[in-house]
Amino acid sequence: MKLKLLNITSILAIILCYGATNNLSAQSSAYDFDNTSGKYVDMSKPIMITMKFEEADHIESLCEYCRYDEQGRIIEYGCMVGQFDYETYVRMFKIHYSGKKIDSIQWKEVLSGYASDKKDLIFKKGISFYDQFTSQETGYYRDTDKGVKGLDPKSIASMRAYAESKNDNLERQFGRMYDFSGIKKWDKEKKDNLGLLTYSEINQGYDEEYEIYKINYSYLIEYTKLSINLQKRTIYDGEIYESEYDYVVYEKYLHTDTDPRKGK
């Protein structure tokens with residue numbers, strides 16, 4: 001009788017220990033926090049930006065993504081980088097914390113096509129998008145940054161600046177802009193009664209060259225749609241090249257239960 005009781009007690013202890021271990025494991029993952037759920041939308045914190053051309057609407061390229069933990073800190077970030085005569089990559093970062101401070105940042109560059117094909121996994125609960133890519137799909141592995149300074153872990157602008165500081169010969173927003181948050185004053189603009197842009201226009205040119213962006217905005221429940229017309233004029237080796245592009249940018253934002261307008 002004593003032997004049977006001992007066996008039952010041991011089994012119960014194992015079950016309880018296993019359950020506690022599982023609960024601890026589940027609670028410790030920053031990726032359990034869902035960036036796509038919540039009552040409010042924080043338009044200052046994009047979580048995914050994609051681009052597609054009107055003539056090839058089945059191809060939607062990943063331009064930028066950002067994932068936040070429950071404390072609002074960035075845990076993963078990625079942005080498209082490249083040049084006209086190079087392959088296009090998505091530069092990816094995975095941020096590790098020690099308490100409230102950044103401990104280190106892993107980073108690598110993944111061929112854009114691979115990253116875009118798997119973009120639906122970015123906000124899948126419980127996994128890291130950064131970890132989904134193997135050496136076969138990765139253009140470059142970089143040394144882990146263990147001396148991070150001046151990076152605000154809750155600021156997308158700070159993360160963009162950090163990504164650009166690593167630029168070597170690859171540039172963010174090369175060729176065509178997808179992020180217009182840095183423009184403080186437009187040449188022309190129209191707003192609705194909520195103060196949201198419905199149309200904007202800017203000439204980014206200098207001397208005889210120019211890049212004219214004309215943007216129409218649509219605000220939908222899950223995302224903002226930017227319909228963009230780009231007219232370019234460049235001079236190379238004394239020759240003038242003129243081109244025009246129509247493309248669409250989709251911006252999805254962080255969903256939160258905290259009203260981002262509170263106190264404003």
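Structure's up top.
Note that the structure is a prediction, hence the values are computed from the model and not measured.

**Examining the packing of aromatic side chains**
Scanning the model with the defined rule gives 11 aromatic pairs in all. Taking the centre distance of 5.7 Å and the plane angle of 55 degrees together, the rings of Tyr89 and Tyr140 count as tilted. Of this pair, Tyr89 sits in strand 4 (residues 89-98) while Tyr140 sits in strand 6 (residues 138-141), and the two are 51 residues apart along the sequence. A cation over an aromatic ring shows up here: Lys108 above the ring of Tyr130, its NZ or CZ 4.1 Å from the ring centre. The ring of Tyr245 has Arg176 sitting right over it, with the charged end atom 4.2 Å from the ring centre.

**Considering the nonpolar core**
Most often, soluble globular proteins keep nonpolar side chains buried together rather than apart. Judged by nonpolar contacts, the single largest core of 56 residues is most densely connected at Tyr77, Met92 and Phe180. If near-sequence neighbours (up to four positions away) are discounted, Met92 is found in contact with Tyr65, Tyr77, Gly78, Gln106, Trp107, Lys108, Val110, Ala115, Phe129, Tyr130 and Phe133.

**Describing unusual backbone geometry**
Positive phi values are uncommon outside glycine, yet Gln173 reaches one of about 60 degrees. Mapped onto the secondary structure, Gln173 falls in the loop between strand 7 (171-172) and strand 8 (188-191). Classification of Gln173 by relative accessible area gives buried; the value is 18%.

**With respect to a nonpolar patch on the surface**
Residues Val41, Met43 and Tyr219 make up a contiguous nonpolar surface patch of about 230 Å² in total accessible area. Mapped onto the secondary structure, Tyr219 falls in strand 10 (residues 210-219). The class of Tyr219 is partly exposed, set by a relative accessible area of 31%.

**So, the side chain of Ser158**
Mapping Ser158 onto the fold places it in helix 3 (residues 156-164). With relative accessibility at 17%, the residue Ser158 sits in the buried group. For Ser158, the contacting residues outside a window of four places in its chain are Gly150, Leu151 and Asp152.

Criteria and thresholds
- Residues numbered from 1 in each chain as written.
- Predicted model: local features only at pLDDT ≥ 70, side-chain atom pairs only at ≥ 80, totals over all residues.
- Heavy atoms only, no water.
- Phe/Tyr/Trp six-rings, centres within 6.5 Å; stacked < 30°, edge-to-face > 60°.
- Helix = DSSP H or I, 4+ residues; strand = E, 2+ residues; numbered from the N terminus.
- Lys NZ or Arg CZ within 6 Å of the ring centre and 35° of its normal.
- Core = buried A, V, L, I, M, F, W, Y, C linked by side-chain atoms within 4.5 Å.
- Buried < 20%, exposed > 50% of the residue type's maximum accessible area, 1.4 Å probe, protein only.
- Contact = heavy atoms within 4.5 Å.
- Patch = residues over 30% accessible without salt bridge, like charges linked within 9 Å, V, L, I, M, F, W, Y side chains within 5 Å.
- Areas by Shrake-Rupley, 256 points an atom, 1.4 Å probe, with all protein chains shown as cover.
- Salt bridge = Lys/Arg side-chain N within 4 Å of Asp/Glu carboxyl O.

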